[in-house]
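Chains, contacts and geometry: an overview
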Amino acid sequence: MSELNSVEKTTDAAPQKSWLVIGGGVMGLKIARDLQQRGQNVTIAEAAPTFGGLTSAWTLGQTAWDRFYHVTLLSDSKLRELLDELDLEKEIDWVETKTGFYAGGKLLSMSNTAEFLRFPPLSMIERLRLGGTIFLASKIKNWRRMEKLSVEKWLRRWSGNGAFEKVWLPLLKAKLGEAYKQTSAAFIWAHTARMYKARRSGAKKEMFGYVPGGYARILESWTDMLAQRGVRLLAGHPVQSIRKTQSDDGILEVDFGDGRVEKFDNVVSTIASPLIARSCDELTDVEKKQLEEIRYLGVVCASMLLEKPISPYYVTNITDTWVPLTAVIEMSTIVNSETQLGGKHLVYLPKYLPDDHDGLNESDQDYKEKCLSTLEKMYDHFSRDNVIDFKVARAKYVAALSTIDYSTRLPPIVTSVPGFYALNSAHILEGNLNVNETITLGETKLEELVWPDFLNRTLLASAADHGNHHAIDGKDLAVSST
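Notes on the structure in this doc start here. (Residues numbered from 1 in each chain as written. Predicted model: local features only at pLDDT ≥ 70, side-chain atom pairs only at ≥ 80, totals over all residues. Heavy atoms only, no water.)

Re the packing of helix α5 (residues 124–139) against helix α7 (residues 151–176)
What counts is decided by this rule: Note on geometry: axes are lines fitted to C-alpha atoms, helical ones only across the stretch in contact, with angles between N-to-C directions running from 0 to 180 degrees. Secondary structure elements follow DSSP: runs of H or I of four or more residues count as helices, runs of E of two or more count as strands, with numbering from the N terminus. Geometric relationships in this document are graded by angle, where less than 35 degrees denotes roughly parallel, more than 145 denotes roughly antiparallel, 65 to 115 denotes roughly perpendicular, and other angles denote oblique. Crossings are sorted by hand: turned counterclockwise from the far helix by less than a right angle, the near helix makes the crossing left-handed, and turned clockwise it makes it right-handed. Contacts: residue pairs with any heavy atoms within 4.5 Å of one another. By the convention adopted, Pro, Cys, Tyr, Trp, Phe, Met, Ile, Leu, Val and Ala count as nonpolar, Lys, Arg, Asp and Glu as charged, and the other residues, Gly among them, as polar.
Two numbers describe how α5 lies on α7: the axes approach to 9 Å, and their chain directions differ by 125°. Considering the angle they form, α5 stands oblique to α7. Regarding α5 and α7, the two cross each other, and that crossing is left-handed. Contacts between α5 and α7 involve Glu126, Arg129, Leu130, Thr133, Ile134, Leu136 and Ala137 from the former and Trp154, Leu155, Arg156, Arg157, Trp158, Ser159, Gly160, Gly162, Ala163, Lys166, Val167 and Trp168 from the latter. For the contact of α5 with α7, the per-class residue count stands at 10 nonpolar, 4 polar and 5 charged.

A few points about α7
For an α-helix, the turn length of 3.6 residues means that residues three or four places apart are oriented alike. To keep things clear, this is the line we draw: Here the expected length of a helix is defined as 1.5 Å per residue gap, with one fewer gap than residues. One axis fitted to the seven residues ending at a residue, another fitted to the seven starting there: the angle between these axes is the bend at that residue.
In this model α7 runs just 11 Å from its N-terminal to its C-terminal C-alpha over 26 residues, more than 12% under the 38 Å that 1.5 Å per residue would give. Where α7 bends most, the angle comes to about 120°, and this point is Gly160.

With respect to a nonpolar patch on the surface
The cut-off we apply is this: Each patch is built from salt-bridge-free residues with over 30% relative accessible area, joining like charges within 9 Å and nonpolar side chains (Val, Leu, Ile, Met, Phe, Trp, Tyr) within 5 Å. Areas reported as accessible are Shrake-Rupley estimates using a 1.4 Å probe. Residue values count occlusion only from the protein chains shown. Salt bridge, as applied in this entry: a Lys or Arg side-chain nitrogen positioned within 4 Å of an Asp or Glu carboxyl oxygen. The buried label goes to any residue with under 20% of its type's maximum accessible area, the exposed label to any with over 50%, and the partly exposed label to all in between, with areas taken from a 1.4 Å probe on protein chains only.
A contiguous nonpolar patch, built from Leu117, Met124, Ile125 and Leu128 and spanning about 370 Å² of accessible area, is present on the exposed surface. Structurally, the position occupied by Leu117 is in helix α4 (residues 113–117). Overall, Leu117 belongs to the partly exposed group, its relative accessible area being 33%.

Topic: the packing of aromatic side chains
Think of a pair of aromatic rings as described by two things: how far the centres are apart, and how the planes are tilted against each other in angle. Threshold: For Phe, Tyr and Trp, rings pair up if their centres lie within 6.5 Å, where Trp contributes its six-membered ring, and each pair is then called stacked (planes under 30 degrees apart), edge-to-face (over 60) or tilted (otherwise).
Considering all chains together, one arrives at 10 aromatic pairs under this definition. For the ring pair Tyr102 and Trp322, a centre distance of 6.4 Å and an interplane angle of 75° mean the geometry is edge-to-face. With Tyr102 in strand β7 (residues 99–103) and Trp322 in the loop between β16 (315–318) and β17 (327–330), this residue pair connects regions lying 220 residues apart in the sequence. Look at Tyr102 and you get buried, because its relative accessible area is 3%.

Remarks on the state of the cysteines
Selection criterion: Cysteine sulfur atoms that come within 2.5 Å of each other are treated as a disulfide pair.
Tallying each qualifying case throughout the model produces 0 disulfides. With no disulfide of its own, Cys371 lies 8.8 Å from the sulfur of Cys301, the closest cysteine sulfur.

Things to note about the pattern of salt bridges
Taken as a whole and assessed by the stated rule, the structure comprises 27 salt bridges. Notably, a salt bridge pairs Glu262 with Arg232, separated by 2.7 Å at the nearest N-O pair. On the criterion of sequence distance, the pair formed by Glu262 in strand β13 (residues 261–264) and Arg232 in strand β10 (residues 232–235) is long-range, its members being 30 residues apart. The exposure class assigned to Glu262 is partly exposed, which follows from its relative accessible area of 23%. A relative accessible area of 34% means that Arg232 is categorised as partly exposed. The partner of Lys445 in a salt bridge is Glu448, and the shortest N-O contact between them spans 3.7 Å. Highlighted residues: Lys445 and Glu448, both in helix α14 (residues 435–465), separated by 3 residues, approximately one helical turn. Taking relative accessible area as the criterion, Glu448 reaches 43% and is therefore assigned partly exposed.

Details of helix α11 (residues 285–292)
Defined as follows: Relevant arc is that of directions from the helix axis to the C-beta atoms, nothing else.
When we look at burial in α11, the residues that qualify are Glu287, Lys288 and Leu291. Taken end-on, α11 shows its buried residues confined to a sector of 100°, consistent with a single buried face. Every exposed residue of α11 that faces more than 90 degrees away from the buried side is listed here: Asp285 and Val286. In the core, the buried residues of α11 are packed alongside α10 (273–279).

Digging into the sheet that holds strand β9 (residues 207–210)
Stated formally: DSSP-based pairing: two strands are paired if at least 2 bridges between them are found.
The strand order β5-β9-β6 describes an open sheet built from 3 strands, whose pairing is antiparallel. Every interior strand has two partners, whereas the edge strands, β5 (72–73) and β6 (93–96), have only one. Where β5 meets β9, 2 bridges bridge the pair, whose relative direction is antiparallel. Directly across from Thr72, in β9, lies its bridge partner Gly209.

Focus on the packing of helix α2 (residues 26–37) against helix α9 (residues 214–228)
Look at α2 against α9: their axes get within 11 Å of each other, and the N-to-C directions meet at 30°. If you check the angle between α2 and α9, you find them roughly parallel. Judged by the twist between their axes, the crossing of α2 over α9 is left-handed. On α9, the residues touching Val26, Leu29, Lys30, Ala32 and Arg33 of α2 are Leu219, Trp222, Thr223, Met225 and Leu226. Split by residue class, the contact of α2 with α9 holds 7 nonpolar, 1 polar and 2 charged.

With respect to the side chain of Thr403
The topology assignment puts Thr403 in the loop between β19 (387–400) and β20 (420–422). Thr403 has contacts with Glu147, Gln182, Thr183, Ser184 and Arg409, leaving out every residue within four places of it along the chain.

So, the pairing of strand β18 (residues 345–354)
Extensive coverage of β18 is indicated by the burial of 10 of its 10 residues. Here strand β15 (residues 296–306) runs beside β18; their pairing, made up of 10 bridges, is antiparallel. Bridge pairing in β18 links Leu305 to Leu346. Pairing of β17 with β18 involves 2 bridges; the strand directions are antiparallel. Directly across from Glu330, in β18, lies its bridge partner Val347.

Looking at the nonpolar core
Let me state the cut-off plainly: Nine residue types can take part in a nonpolar core, namely buried Ala, Val, Leu, Ile, Met, Phe, Trp, Tyr and Cys, and a core is a set of them joined through side-chain atoms within 4.5 Å.
Ranked by size, the top nonpolar core spans 38 residues in total, and within it Trp19, Leu35 and Trp222 carry the most contacts. Of all the elements in the fold, those that place two or more residues in this core are β1 (18–22), α2, β2 (41–46), α3 (77–85), α9 and α14. Ranked by residue count, the leading element in this core is α14, at 8 residues. In this view, Trp19 contacts Leu35, Gln40, Asn41, Val42, Thr43, Phe264, Asn266, Val268, Tyr421, Val450, Trp451 and Phe454; residues no more than four positions away in its chain are not counted. Core analysis: the next-biggest nonpolar cluster, separate from the first, contains 32 residues, Ala137, Phe164, Leu172 and Ala186 among them.

See the structure below:
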């Protein structure tokens, strides 16, 4: 009973310890905020010169906007809670969106049920089976069962070979390349579930939103809030290595390079799994192997600022296999052109590729020419003379690939090195990668795994310091996440 009381007391008033959060993207910022709220001394280190990771911004022409495309859904409850804390949620501009398809050399609308039922590439039976598959995926709750099946096998079974060959296969190859063959059906389940949440009940309209100023404004407010609350923010601080001190006193030594070495009680790394494996040599061989074997999708993504819009569709999905793009994303169908983009129009041209694909190293100029020549073929009215600015962003580690039985091979968040935690977006299992899922994961896993482990280690250390030599059963030290 005395041990239980000690645990409860420690949970209510945890001792203040030093924490380093590696990675200044959404996950890192969220964990830093939650640790600070628990009374901890928090430092967050980001390798890049600015915070934000995949949500960071840059300038096109005279316009500052996101380097990669992001929107907020009505159902993004955790993201909206954060925006409310930053006093930004009330400013979200909600917009009804339209969806297009480029198929058979034609731009087609598929923004409502009537258009879906007239979709030319498919017969009526194929359309009905395709619609039934999407509806079925939206109702499935057992994602683990979906994870055991290949996405191709599941889609062929429910949509039929016709709809699969004409629609699903081109879309899968555009998004995943040949990696679709190793991808589980959980991939389609996660994407379908998220898009269904974007629709209002009753009206069934896709409603997307954005904060005026984009993620540049969100990140500025977020980092300002953290700094005001005492979180130490270190940009331009790539971590070279993490190791236990020679005295083996439970302290972790972090080398930032250039002679910058600091000590912390705890470290949470939110960077890509293969990078985590390389950063801590004291992880076990099994842990390193698990981290290194996680496959990622990377992306090359062009941001193009135009005098005139291309289409009325937020996203144009592409099934013509000659097109070397995953999709065309017309952000200015959502973001107010006059008030946010200086009267111009913003289009993203992404191409997702496996993390080891040579295409991720294609030069900016070659990718630009590929994009512009493709758009000239796709749209008769498109002219490169309307392009005001064109920039290319790339990221090698964007989203972990949802392969067969993916969850059974995930590396542990609580590692074998005491005080070192590996928590990143690769642990998203019940959704696809987006800001809301990342925030939710950071909050949940900190509460369920990281914080209880920290409290248990603290209690054990405290007992040792006070000469408590009584045998303590591990079950007595288990800290409830509540």
